Amino acid sequence: MIAPAIARLARFWWLLGLRGLLGVMFGVAALVWPGVTLAVLILFFGAYMFVDGAFALIAAIRFRHEREHWVMLLLEGLLGIAIGTITFLWPGLTALAWVYTIAAWAIVTGILELTSAFLLRRTLGPEIVLGLGGIVSIVFGIAMAALPLIGLFVWVIMTGAYAIAFGILLLVAAIRMRRVAKSPVAASV
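Participant: Would you mind going over the environment of Gly 92 with me for this structure?
Facilitator: Following the sequence through the fold, Gly 92 ends up in helix α5 (residues 91–119). Taking the relative accessible area as the measure of exposure, Gly 92 reaches 43% and is therefore partly exposed. Taking C-alpha positions, Gly 92 is 9.9 Å from Leu 149, a pair spaced 57 residues apart along the chain.

Set out below in structure tokens:
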């Protein structure tokens, strides 16, 4: 027996299919044109930051009677607009900042993992795995910092592969939902 809610949702199987198709198309575009994809993602980030900052400024003006809250919203708005503007003026700087942030995170995480492995060497047992994880994190961070453009392109390729895989799954789900929508039980709901 098909639940009535599922039967109603099944009528819109084509929306699921459209999402899947768009996901596959985006994924293919990311794999074929990683530089263009990266540039578009960076510009979308800049647009988001600018718009978010503008909305925070509007909220600050509307809540200016609350002194502390107003100041925080004002600073948040100005920061968002500034980062959005910097992203549009110097998109490469934004991309490099992103890569170096990930590199720093990986190196610090690796050091913390190595430290934990050392501190737990007598109590944990398989601390070697934690230590190896720390080494891998440090090497990854150093590689990202040393070769930032490769790091960006790898990120775009991973995003493209994910979009293709997820898009295919959505297409399969859409086909299954179409079958449900065409079943006689669904037609009666």
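This is not the end of the story, as more comes after the structure.
Participant: Looking at this structure, I do not really get the confidence of the model for the protein. What am I missing?
Facilitator: A low pLDDT score tells you not to read the predicted coordinates there in detail. Here the protein averages 84 in pLDDT, and 88% of its residues register 70 or above. Of all helices and strands in the protein, the one with the weakest mean pLDDT is helix α8 (residues 184–188) (61), whereas helix α2 (residues 13–32) scores best (90).

Participant: Would you take a moment to explain the packing of helix α3 (residues 34–62) against helix α7 (residues 148–182) for this structure?
Facilitator: Running from N to C, α3 and α7 cross one another at 90°; their axes reach a closest spacing of 9 Å. In terms of orientation, α3 lies roughly perpendicular with respect to α7. Residue-level inspection shows Pro 34, Gly 35, Thr 37, Leu 38 and Leu 41 of α3 in contact with α7, the latter providing Leu 152, Phe 153, Trp 155 and Val 156. For the contact of α3 with α7, a count of residues per class yields seven nonpolar, two polar and no charged.

Participant: Quick question: what am I supposed to make of the packing of α5 against helix α6 (residues 127–146) here?
Facilitator: Describing two packed helices takes the angle between their axes plus the distance from one axis to the other. Direction vectors running N to C along α5 and α6 enclose 160°, while the axes themselves pass 7 Å from each other. The orientation of α5 relative to α6 falls into the category roughly antiparallel. Helix-helix and strand crossings are classified by hand; for α5 and α6 the assignment is left-handed. Looking at the contact of α5 with α6, its residues break down into 16 nonpolar, eight polar and two charged.

Participant: Please explain a nonpolar patch on the surface as it appears in this structure.
Facilitator: On the surface, Val 28, Leu 31, Val 32, Trp 33, Val 36, Val 40, Phe 44 and Ile 157 cluster together to form a nonpolar patch covering roughly 760 Å² of accessible area. Taken together, the elements giving at least two residues each to the nonpolar patch come down to α2 and α3. With respect to the helices and strands, Val 36 occurs in helix α3. Given a relative accessible area of 52%, Val 36 falls into the exposed group.

Participant: I'm lost on the side chain of Ser 137 in this one. Help?
Facilitator: Counting through the fold element by element, Ser 137 comes out in helix α6. A polar contact of 3.2 Å, which involves the side chain of Ser 137, links it to the side chain of Glu 113. In this structure Ser 137 touches Ala 106, Ile 107, Thr 109, Gly 110 and Glu 113, once residues within four positions along its chain are discounted.

Reading the values: the criteria
- Residues numbered from 1 in each chain as written.
- Predicted model: local features only at pLDDT ≥ 70, side-chain atom pairs only at ≥ 80, totals over all residues.
- Heavy atoms only, no water.
- Helix = DSSP H or I, 4+ residues; strand = E, 2+ residues; numbered from the N terminus.
- Buried < 20%, exposed > 50% of the residue type's maximum accessible area, 1.4 Å probe, protein only.
- pLDDT = per-residue confidence, 0-100.
- Axes fitted to C-alpha atoms, helices over the stretch in contact; angles between N-to-C directions.
- Parallel < 35°, antiparallel > 145°, perpendicular 65-115°, else oblique.
- Contact = heavy atoms within 4.5 Å.
- Nonpolar A, V, L, I, M, F, W, Y, C, P; charged D, E, K, R; others polar.
- Left-handed = near helix turned anticlockwise from the far one by under 90°.
- Patch = residues over 30% accessible without salt bridge, like charges linked within 9 Å, V, L, I, M, F, W, Y side chains within 5 Å.
- Areas by Shrake-Rupley, 256 points an atom, 1.4 Å probe, with all protein chains shown as cover.
- Salt bridge = Lys/Arg side-chain N within 4 Å of Asp/Glu carboxyl O.
- Polar contact = N/O pair within 3.5 Å; in protein donor to acceptor, adjacent residues only side chain to side chain.

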